[in-house]
Amino acid sequence: MALDPSKAGISSQPSISSWTSKDALLYALGVGAGMSDPTGFELEFTTENSQSIIQKALPTMSVVLGGGLLAEEHPLAKIGSFNMTMLVHGEQGLTLHKPLPVEATISAVSRVAGIYDKGKAALVILETDATDTADNQPLFSTSSSLFMRGEGGFGGDRGPASPPPVPERTSDHVVTYQTRTDQALLYRLNGDRNPLHSDPTLAAAAGFDKPILHGLCTYGFTGRALLHAVCGSDPTRFKAMHGRFSSPVMPGEALDVHIWDEDSGSARFQTRVGDRVVLDSGTFTFS
């Protein structure tokens, strides 16, 4: 059975999941928190028992919460068959409806928001809405765009337009973070055990010299840069973030996050490794 475009619109049943203070700490370390701050080590994100410091969760941790894409109950498992090795994570969006707690239980509903024909590939857009079970209020929403190479050609709508490019002028802020050579091995403990990020043999078969960094790890590093550069390191000001993955990152490479100030409460961003763009067309809103 091939990919079935008629499955666009299907949703999952509510799925209950939880995370703890330890999970929040592990995520923060997985996206480099503490590496670039020799005085404080971002202790509010990396410790739970430092004197006069209250633990906080990094907002981008939302993208690893709410259930895995490969779970049997996830709508992605019900849209037909496709080759997982041909799947490419194209874009990622996140909207926070209130600050992310360091521990909570959520009820999450995922849906296939669209299946589009891109010619040689299909574009599948997935959306998830999470509700905090403590007060039954919306907590966060995420969106992921997945390109499935070799699954196009079925006709129909080609999908939403590409996000706008970043400004051509010089960026207003540049934040540089060095990734670790073992960054992917650390980040995978947040739940994404895809061996493309850990197995040299599989990485070579996919055309890479060594295992690559998770795209969502790059996304998390970029979110930290936005948090510190334009939100005054206050996660309650972090509202929404969206970007397009454009090139893989190798563990050990340095990430340069370029940020452009726009109108009050909004910014644009682009993440680069040297001259190579790795996360593009970024939009960010904050309070």
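This text gives an overview of the structure that appears in the document. Position numbers for residues start from 1 in each chain and track the written sequence from start to end. Only residues with pLDDT of at least 70 are given local features in this predicted model, and only at 80 or more are side-chain atom pairs given and counted; all residues enter the totals for whole chains, interfaces and linings. For the side-chain quantities, the full set of heavy atoms in the structure was used; hydrogens and water were omitted.

### With respect to the layout of surface pockets
A 1.4 Å probe that fits into a set of points on a 1 Å grid over the protein atoms alone but cannot get out defines a cavity; an open set with protein on both sides within 12 Å along at least five of seven lines defines a pocket, and lining residues are those with an atom within 4 Å of a point. Grid points are joined across faces, edges and corners, and a volume is the space filled by probe spheres set on the points. By volume, the largest pocket amounts to about 1600 Å³. Lining the largest pocket are 50 residues; nearest its centre among them are Leu87, His89, Asp192, Asn194 and His197. Of all the secondary-structure elements, those providing two or more residues to the lining of the largest pocket are strand S2 (87-96), strand S4 (121-132), strand S5 (137-149) and helix H5 (215-230). The greatest single-element share of the lining of the largest pocket, amounting to 6 residues, is contributed by S5. Here the nonpolar group is Ala, Val, Leu, Ile, Met, Phe, Trp, Tyr, Cys and Pro; Asp, Glu, Lys and Arg are the charged ones; every other residue, Gly included, is treated as polar. Its residues assigned to classes, the lining of the largest pocket shows 24 nonpolar, 22 polar and 4 charged. Surrounding the second largest pocket, 14 residues form its lining, Trp19, Asp23, Val64, Leu65 and Asn190 being those nearest its centre. Secondary structure elements are defined from DSSP: runs of H or I of at least 4 residues count as helices, runs of E of at least 2 residues count as strands, and each element is numbered from the N terminus. Taken together, the elements giving at least two residues each to the lining of the second largest pocket come down to strand S1 (15-19) and helix H1 (21-30). Along the lines of polarity and charge, the residues of the lining of the second largest pocket split into 8 nonpolar, 5 polar and 1 charged.

### Description of the pairing of strand S8 (residues 254-261)
Only protein chains enter the accessibility calculation, which uses a 1.4 Å probe; a residue is then buried when its area is under 20% of its type maximum, exposed when over 50%, and partly exposed in between. Burial analysis of S8 places 6 of its 8 residues in the buried class, the great majority of the element. Strands are treated as partners if at least two bridges between them are detected by DSSP. Of the strand pairs in this sheet, S8 and strand S9 (residues 266-273) are connected by 6 bridges, and their pairing is antiparallel. What sits directly across from Ile259, in S9, is Phe269. In sequence, S8 turns back onto S9 through a hairpin of 4 residues, with Gly265 there showing a positive phi of about 85°.

### With respect to the environment of Gly90
Within the secondary structure, Gly90 sits in strand S2. Each C-alpha atom of the pair Gly90 and Asn49 lies 38 Å from the other, and the pair is 41 residues apart in sequence.

### A look at the sheet that holds S1
Strand order across the open sheet formed by 10 strands is S1-S3-S4-S5-S2-S7-S10-S9-S8-S6, with antiparallel pairing between neighbours. On the outer flanks of this sheet lie S1 and strand S6 (173-178), each paired with one strand and no other. Taken over all neighbouring pairs, the strand axes of this sheet differ in orientation by 25° on average, direction set aside. Relative to S8, S6 runs antiparallel, the two being bridged by 6 bridges. By the bridge assignment for S8, Thr176 is matched with Asp256. Along the sheet face, H5 touches S2, S6, strand S7 (238-245), S8, S9 and strand S10 (276-286) and points at about 140° away from the line of S7. Axes here refer to lines fitted to C-alpha atoms; in helices the fit is confined to the stretch in contact. Angles between the N-to-C directions go from 0 to 180 degrees. The criterion used for residue contact is that any of the two residues' heavy atoms lie within 4.5 Å.

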